[in-house]
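Here is how the chains run, residue by residue.
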Amino acid sequence: PPWRALVLTLFPDAFPGPLGVSLAGQARDAGIWSLDTLQIRDFGLGKHRQVDDTPAGGGAGMVLRADVLGPALDHASTLSPDAPLIYLSPRGTPLTQSLARSLAEGPGVTLLAGRFEGIDERVIAAKGLKEVSIGDYVLAGGEVAAMVLIEACIRLLPGVLGASESLTSESFETGLLEYPQFTKPRDWQGRAIPDILLSGDHKKIEAWRREQSEKLTADRRPDLLHPPHQKRS
Ligand code: SAM
């Protein structure tokens, strides 16, 4: 069966968006993965299908109601029973290449895209939602974050990328940032491709790339070289 992405959202029209083109779109057409959306408003209350209300304790904005999200998530679980339930949230575990890989190895993902001030906290424990963040900034809604997570997973699915080589040397896969890439022309605006890359000496090229990767990583992301100790579970 295809790897299945199911997204609960108030804006299903946002999908597939960029997931419908290029690699992801072709892989979906080929049946490697599938994408479905579930309109949260279909679970809304009353004739106005209300989904949100004012925050308990006061404050700005609106919060998605537990008695709307609960039934929506229950329905999602019947559609995709084995997929982990993930709430995209700036408070979540950071999305990393290794998290994407472990999700890509599973049956798929069911993603809840928040809006407004977020969701009623009780839903998280009641439905066993795992919170995942795509970075330390705040988006207006979870839809783009859901697409980011899905796209990171899709390109790891077997058969999506042509040459498996294109994965193994990439940033994060090696624990380092990727080395600089060049292509034709050999000289461009007075800037030449490093001679070594044109030398045909594969050993030297490999050593140069490794050195560049290490230097870039040390300069830009020293945290990748000295990761904080993982929390034991
Ligand atoms: N009040 C929330 C807070 O301060 O943590 C932010 C709510 S945000 C305006 C609305 C929705 O966007 C969230 O429910 C979440 O689904 C999504 N979102 C915003 N930033 C995100 C991020 N960095 N990663 C993942 N999802 C994000």
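Conventions we followed
- Residues numbered from 1 in each chain as written.
- Predicted model: local features only at pLDDT ≥ 70, side-chain atom pairs only at ≥ 80, totals over all residues.
- Domains from an automatic or database assignment.
- Pairing = 2+ DSSP bridges.
- Helix = DSSP H or I, 4+ residues; strand = E, 2+ residues; numbered from the N terminus.
- Axes fitted to C-alpha atoms, helices over the stretch in contact; angles between N-to-C directions.
- Contact = placed C-beta atoms within 7 Å.
- Buried ≥ 20, exposed ≤ 12 C-beta atoms within 10 Å, placed from the backbone.
- Arc of directions from axis to C-beta.
- UniProt positions renumbered as here; feature names shortened; annotations may be inferred.

Student: Describe in detail the domain arrangement of the protein chain, supporting the description with residues and values.
Tutor: By the assigned domains, the protein chain splits into domain 1 (3–154) and domain 2 (169–225). With centres defined by C-alpha atoms, the gap from domain 1 to domain 2 works out at 37 Å.

Student: Any chance you could break down the sheet that holds strand 1 (residues 3–9) for me, citing the residues and the numbers?
Tutor: The strand order across the open sheet formed by five strands is 2-1-6-5-7, and the pairing between neighbours is parallel. Only two strands of the sheet have a single partner each, and these edge strands are strand 2 (33–39) and strand 7 (130–133). Here the average twist between neighbouring strands, direction ignored, is 35 degrees. Of the strand pairs in this sheet, strand 1 and strand 2 are connected by seven bridges, and their pairing is parallel. Looking across to strand 2, one finds that Leu-6 is bridged to Asp-36. Docked against the sheet, helix 2 (residues 66–79) engages strand 1, strand 2, strand 5 (85–94) and strand 6 (108–113), running at close to 165 degrees with respect to strand 1.

Student: Lay out helix 3 (residues 97–104) in plain terms, naming residues and giving numbers.
Tutor: When we look at burial in helix 3, the residues that qualify are Ala-100, Leu-103 and Ala-104. Projection of helix 3 onto a plane perpendicular to its axis shows the buried side chains occupying an angular sector of 100 degrees, all on one side. Looking at the buried side of helix 3, the elements it contacts are strand 1, strand 6 and helix 5 (143–154).

Student: I'd like to hear about the UniProt feature "binding site: S-adenosyl-L-methionine" (unreviewed entry) in the protein chain, residue by residue, with values.
Tutor: Taking the UniProt record as the reference, the feature "binding site: S-adenosyl-L-methionine" (unreviewed entry) is found at Gly-114, Ile-134, Gly-135, Asp-136, Tyr-137, Val-138 and Leu-139. Counting through the fold element by element, Tyr-137 comes out in the loop between strand 7 and helix 5. According to the C-beta neighbour criterion, Tyr-137 is exposed, with 7 such atoms within 10 Å. Its location among the elements puts Val-138 in the loop between strand 7 and helix 5.

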